[in-house]
There are 2 protein chains.
Amino acid sequence: MNTTGQVTLPIEVGIDAEVKELMQRLGADAVRNSDGTELPELVHSLAAKVYSTYFPARGDQEWAVANPDTTTHLFLQSPRVPALPGQDALTINVMEGYFADQVAPRTDVDLTRYWQVIDRTTGSVLAPEQWELKGYREVVIAQPQPGHVYTVGFLARQIWDATQMYNYITNNWQDDPTRYKARPYDVRLQKVWDRVLPQLDSWLEQHPEVDVVRFTTFFYHFTLVFSDRGREKFVDWFGYSASVSPEALEAFEAEYGYALTPEDFIDEGYYNCPFRLPSKQFRDWMDFQNRFVTSRVRELTDKVHAAGKEAMMFLGDNWIGTEPYGPRFAETGLDAVVGSVGSAATCRMIAAIPSVKYTEGRFLPYFFPDIFNPEGDPVGEANVSWLAARRAIVRCPLDRIGYGGYLSLALQHPDFVDRVEQICQEFRDIYAAADGKAALTAPVRVAVVNAWGKLRSWQTHMVAHALPYEQTQAYVGVIESLAGLPFPVEFLTFDQVREGALEDVDVLINVGQAGTAFSGGEQWADPQLQSAVRSFVAGGGGLIGVGEPAVHPANGAACQLSDVFGLDQEQSFSLSTDRYPVVDPNHFITDGGALSVDSRGGARFWTIIDEDVRVLAMEGTSVQLAAKTYGKGRSVYFAGLEYGVVNARLFERAIFWAGGAQEQYEATLHSPDPRIEVALYPGSKALVYNSSLEEVSALLVGADFSGQVTLAPAGFKWLDLEP
Amino acid sequence: MNTTGQVTLPIEVGIDAEVKELMQRLGADAVRNSDGTELPELVHSLAAKVYSTYFPARGDQEWAVANPDTTTHLFLQSPRVPALPGQDALTINVMEGYFADQVAPRTDVDLTRYWQVIDRTTGSVLAPEQWELKGYREVVIAQPQPGHVYTVGFLARQIWDATQMYNYITNNWQDDPTRYKARPYDVRLQKVWDRVLPQLDSWLEQHPEVDVVRFTTFFYHFTLVFSDRGREKFVDWFGYSASVSPEALEAFEAEYGYALTPEDFIDEGYYNCPFRLPSKQFRDWMDFQNRFVTSRVRELTDKVHAAGKEAMMFLGDNWIGTEPYGPRFAETGLDAVVGSVGSAATCRMIAAIPSVKYTEGRFLPYFFPDIFNPEGDPVGEANVSWLAARRAIVRCPLDRIGYGGYLSLALQHPDFVDRVEQICQEFRDIYAAADGKAALTAPVRVAVVNAWGKLRSWQTHMVAHALPYEQTQAYVGVIESLAGLPFPVEFLTFDQVREGALEDVDVLINVGQAGTAFSGGEQWADPQLQSAVRSFVAGGGGLIGVGEPAVHPANGAACQLSDVFGLDQEQSFSLSTDRYPVVDPNHFITDGGALSVDSRGGARFWTIIDEDVRVLAMEGTSVQLAAKTYGKGRSVYFAGLEYGVVNARLFERAIFWAGGAQEQYEATLHSPDPRIEVALYPGSKALVYNSSLEEVSALLVGADFSGQVTLAPAGFKWLDLEP
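Bear in mind the structure is a predicted one, so any value in this text is a computation, not a measurement.

A. Focus on the sheet that holds strand E11 (residues 138–141) of chain A. Residue and element names in this part refer to chain A. A sheet is described by the order of its strands in space; here 3 strands give the open sequence E6-E11-E10, paired in antiparallel fashion. Of all the strands in the sheet, the pair left with one neighbour each is strand E6 (90–93) and strand E10 (131–134). For this sheet the average axis-to-axis angle between neighbouring strands, irrespective of direction, equals 25°. Of the strand pairs in this sheet, E10 and E11 are connected by 4 bridges, and their pairing is antiparallel. Bridging across to E11, lysine 134 finds its partner in glutamate 138.

B. Focus on the side chain of threonine 359 of chain A. Residues and elements named next belong to chain A. Tracing the sequence through the fold places threonine 359 in strand E18 (residues 358–362). Exposure remark for threonine 359: the relative accessible area of 1% places this residue in the buried category. Those residues in contact with threonine 359, other than ones at most four positions away along the chain, are Val337, Ile350, Ala351, Ile353, Pro397, Leu398, Asp399 and Arg400.

C. Layout of the pairing of strand E24 (residues 551–554) of chain A. Residue and element names in this part refer to chain A. One ladder, built from 2 bridges, connects E24 with strand E25 (residues 557–559); its direction is antiparallel. In the strand pairing of E25, alanine 554 is matched with alanine 557. What sits between the antiparallel neighbours E24 and E25 is a turn of 2 residues, in which asparagine 555 has the positive phi angle 55°.

D. Up close: the pattern of salt bridges. All names here are of chain A. Scanning all chains against the criterion turns up 80 salt bridges over all chains. Here aspartate 526 and arginine 498 are joined by a salt bridge, their closest N and O atoms 2.5 Å apart. With a gap of 28 residues between them, aspartate 526 in the loop between strand E22 (507–512) and helix H15 (527–538) and arginine 498 in helix H14 (residues 494–498) connect regions that are remote in the sequence. We classify arginine 498 as buried; its relative accessible area is 18%.

E. The arrangement of the relation of the copies chain B and chain A in detail. For the pair chain B and chain A, the best superposition has an RMSD of 0.0 Å and corresponds to a rotation of 180° with a translation of 0.0 Å parallel to the axis. Between the two chains, the operation in question is that of a two-fold axis. For chain B, the smallest separation between a C-alpha atom and the rotation axis is recorded for arginine 604 of chain B, amounting to 5.0 Å.

F. View of the environment of asparagine 586 of chain A. All names here are of chain A. Residue position: asparagine 586 is located in the loop between strand E26 (567–569) and strand E27 (606–608). Accessibility expressed as a relative area gives 47% for asparagine 586, which makes it partly exposed. Taking the C-alpha atoms as reference, asparagine 586 lies 9.6 Å from arginine 614; in sequence the two are 28 residues apart. Aside from chain neighbours lying at most four places away, what touches asparagine 586 is Gly592, Gly593 and Arg614.

What counts, and at which threshold
Residues numbered from 1 in each chain as written. Chains lettered and ligands numbered in written order. Predicted model: local features only at pLDDT ≥ 70, side-chain atom pairs only at ≥ 80, totals over all residues. Heavy atoms only, no water. Pairing = 2+ DSSP bridges. Helix = DSSP H or I, 4+ residues; strand = E, 2+ residues; numbered from the N terminus. Axes fitted to C-alpha atoms, helices over the stretch in contact; angles between N-to-C directions. Buried < 20%, exposed > 50% of the residue type's maximum accessible area, 1.4 Å probe, protein only. Contact = heavy atoms within 4.5 Å. Salt bridge = Lys/Arg side-chain N within 4 Å of Asp/Glu carboxyl O. Least-squares fit on C-alpha atoms with pLDDT ≥ 70 in both.

Structure, rendered in structure tokens:
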């Protein structure tokens, strides 16, 4: 048993003895500092790799303050303001609701290009002569149409880095005279880049103790805007709004032959969030910035390598343009990615990143006073976090795990340290069982189709990393379930489906709310797409829909694959049609009726349109779960799939059934208890693990094996299945 | 106190003594037969009006059978059938799912005109040479597009009258050799009309005992289609599908200059149900048939009047083209309308019919064995029915009430007869209190806006009369509440709102699911409509939205009046925007927090977009009830409003508040207990009534009056407020 390695600890000054002891107990082989903390002298004597944070686009604040023309920018939209009757001119304060410490309107640019006033009642852009800017933030529309609503889109400087602002405000750094408000600078400007490169050179030279440069992160922050009350106003972990600048926009126009407008970024106020079907303009911009960022990152990683160190990227913060599943990620030259594990899906999102030497998951809880206090329950938090992460790790291992925060706090909770010691060892054992590869996979190849495809692998229905949103929990549960299930999973675009990608797929999944990029919206108006999926299923494929799959009301159906599901969503246009659903939960998917779906928050008002569909669950008149054969293939519908062990098991069985592989499932070692999961490894080894916080005694069946297993909460057991 | 009159009883043969006694006890002054029952000889000696059913378009079955070319017709759609890969030709059996006893495809017509094959994946109509009819029901598409879905629209004869079929099947008349399957005949054919007129002449001559000819009904049945299993398949109480014929379609084309196609009626399979935004073609057809039916009805009523009798219409069954709120109803010459009272809304729908001498409500329960048996609770049913009806009657009185079914059954339940005696007297007292007019109204003029306006007054969100539908209960509750509230109510079209109708309105209501004719769908894309409503509210008007009002996603908002409500429906495009709603139920609408809304089944995911909106109730992240001031006016939003005494009270208070009249409410006699309602009458009289089935002791306040009242379940009390 390998009892050392693959674990990174945060360390701090003044507790050298404890650090050494803890490193040994946990088998840590790497240490790190955090944002704003220093590495102790001790690091030179440790037999461990040393990580250090590095901020390429905000690390040099003295220079940033001296060069205020180098900030990054944002496109922002004013509030929607109605012109009411009896008013004359309409004045819109574009800064209403925004935080003057973070953003400042650019009034020194060509307003006809970088500002736009739009009549949101008609959708038309006002001619520049129809409005004027007064002062630095008031737009006056001389003769508005009474009863119409107007907005102003405008270019603003980002004068405070979003993450540093968040930390500053959250931790009350205003009381600390040593703190400053960090300004981000934009590497698109040659004078910035000419500064960044030598800065890195000298930093590398000055830090021989560092083995791994942990870039935190690169150049453009995801969209994070605060309000005039100093609290979060807008957060899109995938947002590109803060990647703009006049220089970049001009370079774009020169290359692409057309100019982007503020509205191309403001997108009616939705700012091209990932739930929107992406426009051509936005896709072009992403591609443009991805190429630019990739080439700039490569210059940095080349320097890191030349200094004999490794380059690691933190997956978050200023990560825009470095999407790990993007087409050019290998070209960045990065050696590793580290990211926060908030769920099974985010864990697998990190672990499955291609073309890096290793991945590392930063586990919860953080060693921060919010949890590490006499009333907190750090062990409970660690168990919840480990349960989620372990589900993903057995299917696709992280190479390393780590923690963050103040080690001294953790040391005050010996029971927590004991538990982390166990987790670290369990992690290493799982990793070793498959020599760093995944557990054996089931013979059903799964693909999730949406407008983003591979680019947003394991990132669907996310808004702000792993934060929960009531409206998306029923859909994010699909990737949360999949992250811990034994199937090979890929993410396809609608275009790929049109172009024949279903050749290599057994079960296709479409999930989400109607009209979103995840469900597909108007994509489903395309006969070619419909036809590709219909033919796939009729020819023997499986289709699983969750929520409002393929919904784009047209031609007498809400769901454009209603015939495949045998169901449609009732828009109140078919209430006149009588429905006679018969609910019978007795099906392979529901394990003979033993399992019942929880579809809270999912879609409503799905009804049968075909008496051949098998309805497995309903609530009122809404179908919650149904299954159907279609030609040689099968379809399954879930109204929603919030993650839970029962729903995940239902989903697993649905995939096996839709893929026509239910006999393989029965023949493979498994437990009828959905809390108990089984992963098979080469060499007839099996990991049986309890994905609940209850003690479970359960049967194991399949694989000529039959027996009882009793597992502690979150417990596990290795079995040798050799006959 | 007037103890006689305004009551109609069904009577039957063989219980003459009981009939006489009961008529006296109930104060009945009219008697009637029912479909298929005979009036006893007794009628000649009763001092009462005699009603008799009359079936102008199915009464003469011998002739109907001898003239099979005279049936009415329907346009029907086949199932949606996919063309799967590997198939050659696609065969669609158009009769699949239809009942051969009811409908028969017309194969002897010009198939290129009266049949249509449509590719429902592309929406395109196939050229006639792309398909052929084999036999009488199989359409063969020689070369379908693989993966596309097809339908056939076709003209069919209706060979069995829908209501008679329903009665026949429901009552197992197949075991009764005296019963036949009644065929409807179409008065559009001259030879039919030439038969109908003299038939009525002789019937009038042969029935001197009849005072009132109760037409049940006229010519075209609402759409009611049964399935091949002999059960209901499709029911639209407002449906025009069965009003078609080659002759009518040709006459239409000659008059309107364009031809209607099967698809104009089939409407993608939604058959122009009232939830659909009506097309120009459908509106033209309604107008065309309304003129025709009106003129034909007038010929009949002229004959009835010439015979010295009254003409009454039953509101239901074959009522298509005689809409009582239509533009030509006065021209029918009808004296009265009778209809079934299934709720307050249907009661007010009957009571408020203009241009007839009197209206009559047929009350529940029917004297049928399903309720009148040892396990049944006829008194309970009567109470529920009376509670609903009374709410409407105090606001807009019916002129008469009546019952239906087998009197002999009712006589076996003396407690029921006692209760009906009370109800009849209570009804007469309410009627007399205002001399047949409404109770005094509150000073807030309410208008409901939808695509139908006045034509569907008190009929919004209905599918099959008063039958409940889970998906519409949260919206039909609006008219159910309004039917018993003290406001003058009118129903406006969107066009009327555009054209200035809000001049005479204090509070405008828009209610329903997005995309429906009731919410308005694409109507809200019109800046003129938006502007009219915005200006109305800003100028001091009130706007109440229920469910998905004004929702038509465009230009950065789902709800096109989101600024007026201070709310919008989250389409998952704004999840990145942080919301900080503060729920405070303490508001006039919620009576200082004492009332809480129940919005089951209503809209989800409405969020605040303006910090000035007052959120009165939320469930999870969805706003359930909110209020806002906007310019000089006010808006209120309800996620849903299933009828109940608390919701009705909230709605009443919301209307007073939106209309800026909350002080008038406080100053008017009312009870803080929402179960207790008060109607004020001329002469300082007040009716205080308990709209619940619980005994209630409650305060009465307002109008310089203060006191306690205790009312039995469903009880009432007349108060004299004279100082």
